[in-house]
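A look at the structure
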Amino acid sequence: MNDKLKENEIWLLSFYRTSEISGALFFGKLCKSLRPGPIQHDMTKHFSDEAVHSWLWTDCIERMGAKPLKLADAYQDQYLAVAGMPANMMEILALTHVFEKRVIRQYALHSRVPELNPEIGGTLSKIMDDEKWHLSWVHDALAKMEPEFGKEYIDQTIKKFWDADQEVYNRTMNEHEERVRDLGILMPEAHSGI
Amino acid sequence: MNFEAAPLKACVMVDNTEFRKKIASILRISSDKVQDNCALTDLVSDSFALVDMVVELQEELSVRLTQENLRDVRTVSDLWAQIEPQLKS
């Protein structure tokens, strides 16, 4: 692997790492505010998973003989600017549902890169199982909120965040197009659903 | 918020002064810093901290806000204006 390719790869893994750290910190803080119950239970596992994932990426980068890059912003930092601030737990979970789908899709795309470094492939594989569970518990929690908020309103909220995610994703990919293309991670079509 | 069991608990009765004290307590800052005309974004380190504060406030006061409620909220008094009617209901 040439130096530029390796540099791009370390940047992307550092981007993943930063995103996992942001997720862990956000949900960790939120868990302190919640009353005991199923959401607090599952969200506590969720944030502990995200913290472990940030460790897995840190370890993966170091096993590749590099150091993680210190990146200012995580992917999800851009959500609030585009989609507005979620104000209650349903809205937070709707946003999380969209984000987790995006993460799974991105990790799946990355795992299909030809001649993928086994360190990266192994890390992606470990993380993907957790990410599927994240999607599952959030989906179930939103379903339980239907009597209170209404299915239609929840679906509308998810759709609104989906549209925002598409904008953030396109913007991120455009900004880092060269890096991602060099790594062989094919960009999904601009307006495909997730 | 534990939404599984649906209805919110009865609202907690607080006045504007207590409301500002709650914000200060959640953010762990001096209550002197939380004035009615303060921009909420000036009280927190980042947007996610603001989300966290708003959710915790709803927990403490047993009220509910939506994105729509927060659309034009900029200051502490704007936020109080959205919450106060729910405390009276």
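Keep in mind that what you see is a predicted model, and the values were worked out from it rather than measured. (Residues numbered from 1 in each chain as written. Chains lettered and ligands numbered in written order. Predicted model: local features only at pLDDT ≥ 70, side-chain atom pairs only at ≥ 80, totals over all residues. Heavy atoms only, no water.)

1. Some thoughts on the layout of surface pockets
Selection criterion: Only protein atoms enter the 1 Å grid used here, on which a cavity is any set of points holding a 1.4 Å probe that cannot leave and a pocket is any open set flanked by protein within 12 Å on both sides along at least five of seven lines; residues with an atom within 4 Å of a point are listed as lining. Grid points are joined across faces, edges and corners, and a volume is the space filled by probe spheres set on the points. Helix numbering and strand numbering both begin at the N terminus, where a helix is a DSSP run of H or I of at least 4 residues and a strand a DSSP run of E of at least 2. Amino acids outside the nonpolar list (Ala, Val, Leu, Ile, Met, Phe, Trp, Tyr, Cys, Pro) and the charged list (Asp, Glu, Lys, Arg) are all regarded as polar, and Gly is one of them.
Quantified by volume, the largest pocket comes out at close to 480 Å³. Contributing to the lining of the largest pocket are 28 residues, with Ser-22, Phe-26, Gln-76 and Asp-77 of chain A together with Phe-48 of chain B lying nearest its centre. Elements supplying a minimum of two residues to the lining of the largest pocket: helix H1 (3-33), helix H3 (77-83) and helix H4 (89-111) of chain A together with helix H3 (47-61) of chain B. Ranked by residues supplied to the lining of the largest pocket, first place goes to H1 of chain A with eight residues. Surrounding the second largest pocket, 19 residues form its lining, Gly-84 and Met-85 of chain A together with Gln-67, Leu-70 and Arg-71 of chain B being those nearest its centre. Elements with a contribution of two residues or more to the lining of the second largest pocket: helix H7 (151-175) of chain A together with helix H2 (40-43), H3 and helix H4 (67-70) of chain B. For the lining of the second largest pocket, the element with the highest residue contribution is H7 of chain A, accounting for four residues. Of the residues in the lining of the second largest pocket, the class split is eight nonpolar, six polar and five charged.

2. Topic: the side chain of Asn-8 of chain A
Our working rule: Whether two residues are in contact is decided by their heavy atoms, any of which lying within 4.5 Å being enough.
The topology assignment puts Asn-8 of chain A in helix H1. Residue contacts for Asn-8 of chain A: discarding those within four places in its chain leaves Arg-179, Asp-182 and Leu-183 of chain A.

3. Quick notes on a negative patch on the surface
Stated precisely, the cut-off is as follows: The patch calculation keeps residues exceeding 30% relative accessible area without a salt bridge and links them within 9 Å when they carry like charges or within 5 Å when they are nonpolar (Val, Leu, Ile, Met, Phe, Trp, Tyr). Using a 1.4 Å probe, the Shrake-Rupley method yields the accessible areas, and only the shown protein chains count as cover for residues. Basic side-chain nitrogens of Lys or Arg form a salt bridge, by our definition, when they fall within 4 Å of a carboxyl oxygen of Asp or Glu. The sign given to each residue is positive for Lys and Arg and negative for Asp and Glu; His and the chain ends receive no count. Taken as the charge location is NZ of Lys, CZ of Arg, CG of Asp or CD of Glu. Buried residues are those whose accessible area, probed at 1.4 Å on protein chains only, stays under 20% of the maximum for their type, while exposed residues exceed 50% and partly exposed ones sit between those limits.
Taken together, the side chains of Asp-73, Asp-77 and Glu-175 of chain A together with Asp-46 of chain B present a region of like negative charge at the surface. Checked against the element boundaries, Glu-175 of chain A lands in helix H7. Judged by relative accessible area, which is 58%, Glu-175 of chain A ranks as exposed.

4. Concerning empty space enclosed by the protein
Residues and elements named next belong to chain A. A full pass over the atoms with the stated rule returns one cavity of 30 Å³ or more. Each pocket or cavity is described by its volume, and for the largest cavity that value is around 260 Å³. Breaking the lining of the largest cavity down by element, the ones donating at least two residues are H1, H4 and H7. The leading source of residues in the lining of the largest cavity is H1, at six residues.

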